[in-house]
Amino acid sequence: MANEENLKPQSERTKSEQREIATKGGIASGKTRRRKKAMKERLQEALECSVVNPKVKKMMRSVGMDEADSSNWDAVVASIVAGALRGDPRYARLLMELIGETGEEKRAERADKRDAKRLRMEMEDHAAAKADDPEDDGFIDALSAKIDNSDWSEDEEK
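Residues numbered from 1 in each chain as written. Predicted model: local features only at pLDDT ≥ 70, side-chain atom pairs only at ≥ 80, totals over all residues. Heavy atoms only, no water.

Detailed reading of predicted coordinates is not advised where the pLDDT is low. When pLDDT is averaged across the protein, the result is 84; 85% of the residues are at 70 or more. Of all secondary-structure elements in the protein, the lowest mean pLDDT belongs to helix α6 (residues 139-149), at 67, while helix α1 (residues 15-48) reaches the highest, 94. (pLDDT = per-residue confidence, 0-100. Helix = DSSP H or I, 4+ residues; strand = E, 2+ residues; numbered from the N terminus.)

As structure tokens, this is what we get:
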């Protein structure tokens with residue numbers, strides 16, 4: 001393989017080599033973070049701009065949205081709704097995920113309700129059983145103490 005000599009583990013490098021590699025990595029990481037941040041800001045600005053494309057405005061009207069003073073954010077929402085209305089399962093799934101109506105969330109919610117109901121029933125059963133118990137007169141504790149103090153060694157069987 002080409003450049004196999006470059007594939008040395010960090011543990012086999014000198015401290016100065018390790019520091020140099022870490023410095024280069026930190027600089028590259030900073031550049032990448034700044035580039036991603038700038039791209040995110042530009043995307044935010046673009047999505048906040050007004051819709052100017054007449055086809056997009058027509059599509060927004062087709063799903064019942066008012067295209068007057070609408071932003072590209074609104075156009076994205078309209079596009080997702082239009083895709084779901086066309087029957088595209090990817091858009092339908094995306095729409096359901098975005099509004100929080102996924103089946104997984106519903107299943108988790110039902111499981112939480114079942115767990116709460118089971119816990120409530122167990123607590124009620126425990127309270128009812130405790131109410132049905134006769135008053136403790138200490139007999140069992142006294143008997144247990146008597147047994148614990150007994151010598152059960154085999155020497156006494158003579």
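This part covers the side chain of Arg-13. With respect to the element layout, Arg-13 can be found in the segment before α1. One buried charged residue, Arg-13, forms no salt bridge at all, with the nearest opposite charge on Glu-17 at 4.5 Å. Among the polar contacts made by the side chain of Arg-13, one reaches the main-chain carbonyl oxygen of Lys-8 at a distance of 3.5 Å. (Buried < 20%, exposed > 50% of the residue type's maximum accessible area, 1.4 Å probe, protein only. Lys, Arg positive; Asp, Glu negative; His and termini not counted. Salt bridge = Lys/Arg side-chain N within 4 Å of Asp/Glu carboxyl O. Polar contact = N/O pair within 3.5 Å; in protein donor to acceptor, adjacent residues only side chain to side chain.)

The next point concerns a nonpolar patch on the surface. On the surface, Leu-94, Met-96, Leu-98 and Ile-99 cluster together into a nonpolar patch covering about 370 Å² of accessible area. Mapping Leu-94 onto the fold places it in helix α4 (residues 89-98). (Patch = residues over 30% accessible without salt bridge, like charges linked within 9 Å, V, L, I, M, F, W, Y side chains within 5 Å. Areas by Shrake-Rupley, 256 points an atom, 1.4 Å probe, with all protein chains shown as cover.)

Here we take up the environment of Thr-14. Following the sequence through the fold, Thr-14 ends up in the segment before α1. Residue classification places Thr-14 among the partly exposed positions, given a relative accessible area of 42%.

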